[in-house]
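Reading the structure
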Amino acid sequence: MLDLNQYNCLGESLQAAIERWPDEICLIEADRDREKARLTYRQFSDAVLPLARALQDAGFREGSRAAILMTNQSKWPISAYAIFYCGGVLIPLDYKLSPREQVALLAHSKAEVLIVEYHLWRAIVQAPEFKSLAVPTVLVTEAPANADLAGAKRWENFRSSQEPVFVPRKRQDAACIVYSSGTTGRPKGCVLTHENYLEQCMTVAPVFPFWPGARYLSIIPTNHAIDFMGGFIMPFTGGGTVVHLRTLRPEYIRDAFTRYKITYMAVVPLILKSLQKGLEERFAALAPMKRRALGGLIRINRALTWRRARPRVSRMLLKEIHQAFGGELRALLVGGAFTEPTIIEFFHDLGIPIYNGYGTTEACTAITLNDLQPFLPDTVGRPVHGMEIRILNAREDGIGEVTVRSKTVMSHYLEDPELTAETIVDGWLMTGDLGRIDAAGHLRLMGRAKNMIVTEEGKNVYPEEIEAVFEGLPVKESCVVAANYIWHDRKMTGEQLVLVIRPESGKPISEKLVAEISERNRRLLNYKRAGGYVVWEQDFPRTASMKIKRAELAGEIRSKLGREAVNPL
Amino acid sequence: MNPLEKTTDEILRLASEHFKVPRAELNAGDDFFKKLGINSLQALDLLTRIEQHFHIELPDYELQGVSDFKTLAERIQSRL
């Protein structure tokens, strides 16, 4: 791996990787079982430089901002490096957001360039918000030959044969603006510096080292902080290979493991669950004798690997299972949301190390990491190197708000000094999560202090983001609150948002109203929907400027109603 | 039945078989996540089943922003 202390910015470190490993493979792109691209570091550079020069010719300068809106594929890191080469700031946008949300974030970020896949661009062009889109340069990838690009240019043709000029940045300069939430109302654009990324990479790389030949299977969206680090910066600064798979279908993920001899893969809990289900089905289909024998081997493996992972022992004992994962898998990294300990235990028993952890975009991904020494599935591990954790306002049982300090904590929220001041206090990042640290230094998460949920797919959803869809309901007032914010629950899975309705005095909740609520709820993306509604017969507490005092409202509801008052939607 | 209605009907039948939900309980306007109680990965399973039936290839993104059978049928119809 490169010594990242030597570099001031991501562009410099990527440039050094190209010089160090020109003939090693850095990118493989597969669509199902068809390999579409395979690039060495030199070929990667050859693809980047003409794009970087064309961007510079179009006026893209130091500090200019460019957004990428793409699924996982080789053009993602090619475009990202071109942006860094020019000294630009990258805005990795979530392709799963709606076109309306994407346009809103493009406006908020003041992106001068948008690099977007054709099908995503088509959806933006068809949306009413397209009229307000004001990005001067739009580059569309993979557009069909006769497609009308609505003023955009083809990424494949946006090239210049002239040499581009490499623009170095300082460590404290912004590298990326990553939106952690707030697609409507108050966008939270985390401004992450080159230092944040370089420090995070140096912290995590010793645990998950890359070398020429090590392969990372990229299926979590690259705009997600985990894949940006694990599926781009870390492998590239170690001479490794990133395998992009352009589908999430379990059969092709399984196929990619064996085809490409994967070393690492990052997953969200939902995918881990799906892999577990697939294995359980295969176990259940075994003949009774074979199933019993497998059970015995799993018990032996568990006994031998409880204190520390022993990949060779596990691969020998449970050969067939490990071969199904390609035989060279070192770790599955699970993140983005809290993972049920039973799932982690299932894989650990098979000798497949699952590294869970805890992190936030504001802290540039990882805050803690479970080092499996010993294996404690109900914690999220110890703080990563250089990360200080303090539990704020801890109660008698040691539970309080998790606050962290490190060189990886973001610089600020874009154009929101007030929110920045609330979130970073005296250099400490307030995570909004509740936890306590056990005697061995492991962090145990115990719920949330903030009004939001995280889905199994690793999506953060804030109530304010979905409230607009319920505006104008024939009720006196309504708002959306996270159920765990009302009824404090120490669980961090199965979270849901709840619509609180204050009906007009004396008016019962009619079937028609419930039907309308359901219909409006369905306009939201499925992971953003409210899970139920609560009828609240008192006026909402409000500030002088008529904003709802959500914490107070949650407290009032908690004192009078239990969770059973939630009517499912 | 026009071609779109026919495609919708086929998709409802495939969903009913795959997720073992009585066909009579499924309607074109239903939210399949809710009605079938499935997550986004299981919805991809349905897409695979549809591909096999219609002998076409559907990228994962065809499911993006779609949650009801009718819209799904419209997207598939445009590829037939």
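Residues numbered from 1 in each chain as written. Chains lettered and ligands numbered in written order. Predicted model: local features only at pLDDT ≥ 70, side-chain atom pairs only at ≥ 80, totals over all residues.

**What to know about the overall build of chain A**
For chain A, the helix and strand inventory stands at 18 helices and 28 strands. Computed over its C-alpha atoms, the radius of gyration of chain A comes to 24 Å, within 12% of the 25 Å expected for a compact globule of 569 residues. With the C-alpha coordinates aligned to their principal axes, the bounding extent of chain A is approximately 75 × 65 × 50 Å. Across the 569 residues in chain A, those meeting the buried criterion constitute 50%. Looking at chain A alone, contacts between residues at least 24 apart form 69% of all its contacts between residues at least 6 apart. (Helix = DSSP H or I, 4+ residues; strand = E, 2+ residues; numbered from the N terminus. Rg over C-alpha atoms; globule rule 2.2 N^0.38 Å. Buried ≥ 20, exposed ≤ 12 C-beta atoms within 10 Å, placed from the backbone. Contact = placed C-beta atoms within 7 Å.)

**Let's talk about the overall build of chain B**
In terms of regular secondary structure, chain B is built from four helices and zero strands. On the principal axes, the C-alpha backbone points of chain B span a range of 30 × 25 × 20 Å. A buried classification covers 20% of the 80 residues belonging to chain B. The long-range share in chain B, meaning contacts at least 24 apart out of those at least 6 apart in sequence, stands at 53%.

**Let's talk about the sheet that holds strand β2 (residues 34-40) of chain A**
All names here are of chain A. The strand order β2-β1-β11-β10-β12-β13-β14-β15-β16 describes an open sheet built from nine strands, whose pairing is mixed. Only two strands of the sheet have a single partner each, and these edge strands are β2 and β16 (382-383). Of the strand pairs in this sheet, strand β15 (residues 365-369) and β16 are connected by two bridges, and their pairing is antiparallel. Bridge assignment links T368 to a residue of β16, and that residue is P383. (Pairing = 2+ DSSP bridges.)

**Structural notes on the sheet that holds strand β28 (residues 567-568) of chain A**
Residue and element names in this part refer to chain A. The four strands are arranged β25-β26-β27-β28 in an open sheet whose pairing can be described as mixed. Two strands lie at the open edges of the sheet, namely β25 (477-482) and β28, each paired on one side alone. Here β25 runs beside strand β26 (residues 497-502); their pairing, made up of six bridges, is antiparallel. Each residue of the ladder has a partner; that of C479, found in β26, is V500.

**Some points on the confidence of the model for chain B**
Residue and element names in this part refer to chain B. When pLDDT is averaged along chain B, the result is 91; 100% of the residues meet or exceed 70. Helix α1 (residues 3-19) holds the highest mean pLDDT among the elements of chain B, 94, whereas helix α2 (residues 32-36) holds the lowest, 88. Scoring the predicted complex yields pTM 0.88 and, for the interface, ipTM 0.89. (pLDDT = per-residue confidence, 0-100.)

**Details of the interface of chain B and chain A**
Counting residues at the interface gives 12 residues for chain B and 15 residues for chain A. Take the side of chain B that touches chain A: its biggest share by element is four residues, from helix α3 (residues 40-54) of chain B. For the side of chain B that touches chain A, the residue count by class is four nonpolar, six polar and two charged. (Nonpolar A, V, L, I, M, F, W, Y, C, P; charged D, E, K, R; others polar.)

**Observations concerning α3 of chain B**
All names here are of chain B. Taking 1.5 Å of rise per residue, the 15 residues of α3 would be expected to cover 21 Å, and the 21 Å separating its terminal C-alpha atoms lies within 8% of that figure. Buried residues along α3 sit in contact with α1 and α4 (69-77). Following α3 by one or two positions, H55 adopts a phi angle in the positive range, close to 55°. (Expected span 1.5 Å × (residues − 1).)

**So, helix α1 (residues 10-20) of chain A**
Residues separated by three or four positions in an α-helix point in the same direction, a consequence of the helix having 3.6 residues per turn. Taken together, the buried positions of α1 of chain A are occupied by L10, G11, E12, S13, L14, A17 and I18 of chain A. Packed against the buried residues of α1 of chain A are α2 (41-57), α3 (75-85), β8 (174-181), α6 (194-204) and α7 (225-236) of chain A.

**Quick word on the pairing of strand β11 (residues 241-245) of chain A**
Residues and elements named next belong to chain A. Counting buried residues in β11 gives five out of five residues, a clear majority hidden from the surface. Residues T241, V243 and L245 of β11 are buried on one face, and the alternating residues V242 and H244, pointing to the opposite face, are buried as well. Direction of pairing for strand β1 (residues 25-31) relative to β11: parallel, over a ladder of four bridges. Across the sheet, residue L27 finds its bridge partner in β11, namely V242. Note that strand β10 (residues 215-218) and β11 share four bridges and pair parallel. When the bridges of β11 are listed, S218 appears paired with H244. As a crossover connection, the stretch from β10 through α7 into β11 is right-handed. (Right-handed = clockwise from strand over helix to strand, strands pointing away.)

**Considerations on the environment of A482 of chain A**
Residue and element names in this part refer to chain A. In this structure, A482 sits in strand β25. Measuring from C-alpha to C-alpha, the distance between A482 and L39 comes to 45 Å, with 443 residues separating the pair along the chain. Every residue in contact with A482, bar those within four places of it in the chain, is listed here: N451, M452, I453, P463, E495 and L497.

**Here we look at the domain arrangement of chain A**
Along its sequence, chain A is carved into domain 1 (13-267), domain 2 (269-448) and domain 3 (455-568). Using C-alpha coordinates to define each centre, domain 1 of chain A is positioned 36 Å away from domain 3 of chain A. (Domains from an automatic or database assignment.)

**Observations concerning the nonpolar core**
Residues and elements named next belong to chain A. Judged by nonpolar contacts, the single largest core of 175 residues is most densely connected at V48, A82, L90 and V498. The biggest single contributor to this core is α2, with nine residues. Discounting residues that sit within four places of it in the chain, V498 has contacts with V480, V481, A483, I486, A530, G531, G532, Y533, V534 and V566. (Core = buried A, V, L, I, M, F, W, Y, C linked by C-beta atoms within 7 Å.)

**Here we look at the environment of T241 of chain A**
All names here are of chain A. Residue position: T241 is located in strand β11. Its 26 C-beta neighbours within 10 Å are what place T241 among the buried residues. Apart from the residues within four sequence positions on either side, T241 is in contact with I25, C26, I28, R215 and P235.

**Considering unusual backbone geometry**
A negative phi angle is the norm for most residues apart from glycine, just as the trans form is the norm for most peptide bonds. Residue and element names in this part refer to chain A. Even without a glycine there, the phi angle at A150 is positive, about 50°. Assignment of secondary structure puts A150 in the loop between β6 (137-141) and β7 (153-154). Note on A150: 14 C-beta atoms within 10 Å, which makes it partly exposed.

**Regarding the environment of E29 of chain A**
Residue and element names in this part refer to chain A. As for its placement among the helices and strands, E29 is situated in strand β1. The exposure class assigned to E29 is buried, which follows from the 21 C-beta atoms found within 10 Å. In the structure, E29 is positioned 43 residues away from N72 in sequence and 8.8 Å away in space, judged by C-alpha atoms. Look past the residues within four positions of E29 in its chain and what remains in contact with it is K36, A37, Q73, S74 and H244.

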